[in-house]
Amino acid sequence: ERDDLSLAGQIARRTAVATDNARLYNDARRANDAKDEFLGMMSHELRTPITVIHGGARVLRGRSENLEPETRESILGDIERESDRLARMLENLLALARAELDREVILEPVLLQRLLPKLNESVGAGSDRSLTFESETGVPAVSAEPGYIEHIVRNLVGNAIKYSPTDSPIEVVVSHHNGGAAIRVLDRGFGVTEEEATKIFDRFYRSDRTSRLAGGAGLGLAVCKRLVETMSGEIW
């Protein structure tokens, strides 16, 4: 009986080890598949702006003297727009990598009503959009990483600029929320459907209704969600 119990114990332990190994293998395979998907999507998204910038520069170098002024301006506009798009993608990738690598984010007391007005000025620079800031009185300091807050608000305001009418205002509002604070970015676009309300925070997700309005990699809101959750906050 003791031999039987010993044998049963050995079988149980080996079964447990085999189960753990199988689980670790599946987890590793899923992580590798996700990495491959991520790299594939990013290589595709990066190729488009690089192709436009490179092609436009070659045309200007080789045929600039023979081009109409309107054509030159159009090519320069394409280069500028795609350069901005490329810069935003790289900023989001760096922010995502930083959030993944930072095991312990150093949080500090932040008064949003002091931080955000300065940010609004820089975000609105070069844009003809009406961008305003409001704050309720007495909003308490929040425990946050200022750089993360800035990146999140830049992404949200950038989305508002891209996906709302050019003659409509954009508002950044700070208010009391559950003993802390909430930041709202308000625009006059056509909004998000109930079905898309959670999907829009997935990496590379782009709504069929908005993808035709402006270019993008579908990373901005995913980065916002990751940074907010790193600070133990919520985004919706």
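Structure's up top.
No experiment lies behind these values; they were computed from the predicted model shown.

Quick look at the overall build of the protein chain
Here's step 1: Secondary structure summary: the protein chain contains five helices and five strands in total.
Here's step 2: When its helices and strands are written in sequence order, the protein chain yields α-α-β-α-β-β-α-β-β-α.
Here's step 3: Here the protein chain holds 236 residues, and 30% of them are scored as buried.
Here's step 4: Of the contacts formed within the protein chain by residues at least 6 apart in sequence, a portion of 68% connects residues at least 24 apart.
Here's step 5: By element, 52% of the accessible surface of the protein chain is carried by carbon and sulfur atoms, the whole surface being about 15,500 Å².

Observations regarding the packing of helix α4 (residues 146-162) against helix α5 (residues 220-230)
Here's step 1: Following both chains from N to C, one finds α4 and α5 inclined at 150°, their axes separated by 9 Å at the closest point. Here α5 runs roughly antiparallel to α4, going by the angle between their axes. Helix-helix and strand crossings are classified by hand; for α4 and α5 the assignment is left-handed. Facing α4, whose interface residues are Y148, H151, I152, N155, L156 and N159, α5 presents G220, L221, V223, C224, L227, V228 and T230.

Quick notes on the sheet that holds strand β5 (residues 180-186)
Pairing between sheet strands relies on hydrogen bonds along the backbone, with the strands arranged either parallel or antiparallel.
Here's step 1: Sheet architecture is open: three strands sit in the order β2-β4-β5, paired in mixed fashion. A strand with exactly one partner marks an edge of an open sheet, and here the two such strands are β2 (131-135) and β5. Direction aside, the axes of adjacent strands within the sheet are offset by 15° on average.
Here's step 2: Across seven bridges, the pairing between strand β4 (residues 170-177) and β5 is antiparallel. Among the inter-strand pairings, V172 is bridged to a residue of β5, identified as V185.
Here's step 3: Set on the sheet, α4 makes contact with β2, β4 and β5; between it and β5 the angle comes to about 25°.

Remarks on α4
Quick reminder: α-helices carry 3.6 residues per turn. Residues three or four places apart thus point the same way.
Here's step 1: Between the first and last C-alpha of α4 there are 24 Å, a value that for 17 residues agrees with the 24 Å anticipated at 1.5 Å per step.
Here's step 2: When α4 is considered as a whole, its buried residues turn out to be Y148, I149, H151, I152, V153, N155, L156, V157 and A160.
Here's step 3: At the N-terminal boundary of α4, the capping side chain belongs to E145, with an oxygen 2.6 Å from the backbone nitrogen of G147.

So, the nonpolar core
Here's step 1: Membership of the largest hydrophobic core comes to 29 residues, with the highest contact counts inside it found for L112, L116, I149 and I152.
Here's step 2: Per-element tally for this core: the top contributor is α4, with six residues.
Here's step 3: Non-local contacts of L116, meaning those with residues more than four positions away in its chain, are made with F133, I149, V153, V172, V174 and I183.

Observations concerning the pairing of β4
The side chains of a regular strand alternate, first on one face of the sheet and then on the other.
Here's step 1: For β4, the tally of buried residues reaches six of eight residues, placing the bulk of the element in the interior.
Here's step 2: The pairing of β2 with β4 spans five bridges and is classified as parallel. Paired with L131 across the two strands is I170, which belongs to β4.
Here's step 3: Joining the antiparallel neighbours β4 and β5 is a turn of two residues, in which N178 adopts a positive phi near 50°.

What counts and what doesn't
- By convention here, each chain's residues receive numbers from 1 onward along its written sequence.
- Local features in a predicted model are, by the rule used here, given only for residues with pLDDT of at least 70; side-chain atom pairs are given and counted only at 80 or more, and totals for whole chains, interfaces and linings are based on all residues.
- Working from all heavy atoms in the structure, the side-chain values ignore hydrogens and water.
- Counting from the N terminus, the helices are the DSSP runs of H or I reaching at least four residues and the strands are the DSSP runs of E reaching at least two.
- The buried label goes to any residue with under 20% of its type's maximum accessible area, the exposed label to any with over 50%, and the partly exposed label to all in between, with areas taken from a 1.4 Å probe on protein chains only.
- Contacts: residue pairs with any heavy atoms within 4.5 Å of one another.
- Here the accessible surface of atoms and residues is derived via Shrake-Rupley with a 1.4 Å probe, and residues count as covered only by protein chains that are part of the display.
- In this analysis an axis means a line fitted to C-alpha atoms, helices contributing only their contacting stretch, and an angle means the value between N-to-C directions, from 0 to 180 degrees.
- Reported orientations rely on four angle classes, namely roughly parallel under 35 degrees, roughly antiparallel over 145, roughly perpendicular from 65 to 115, and oblique for the rest.
- Two helices crossing with the near one rotated counterclockwise from the far one by less than a right angle form a left-handed crossing, whereas a clockwise rotation gives a right-handed crossing.
- Being paired, for any two strands, means DSSP has found at least two bridges between them.
- To estimate how far a helix should reach, multiply one less than its number of residues by 1.5 Å.
- Throughout this description, a polar contact denotes any pair of N or O atoms lying within 3.5 Å of each other; where both atoms belong to protein, one of them has to be capable of donating a hydrogen while the other can accept it, and for residues adjacent in sequence the pair is counted only when both atoms sit in side chains.
- In this text, buried Ala, Val, Leu, Ile, Met, Phe, Trp, Tyr and Cys residues form a nonpolar core when linked through side-chain atoms within 4.5 Å.

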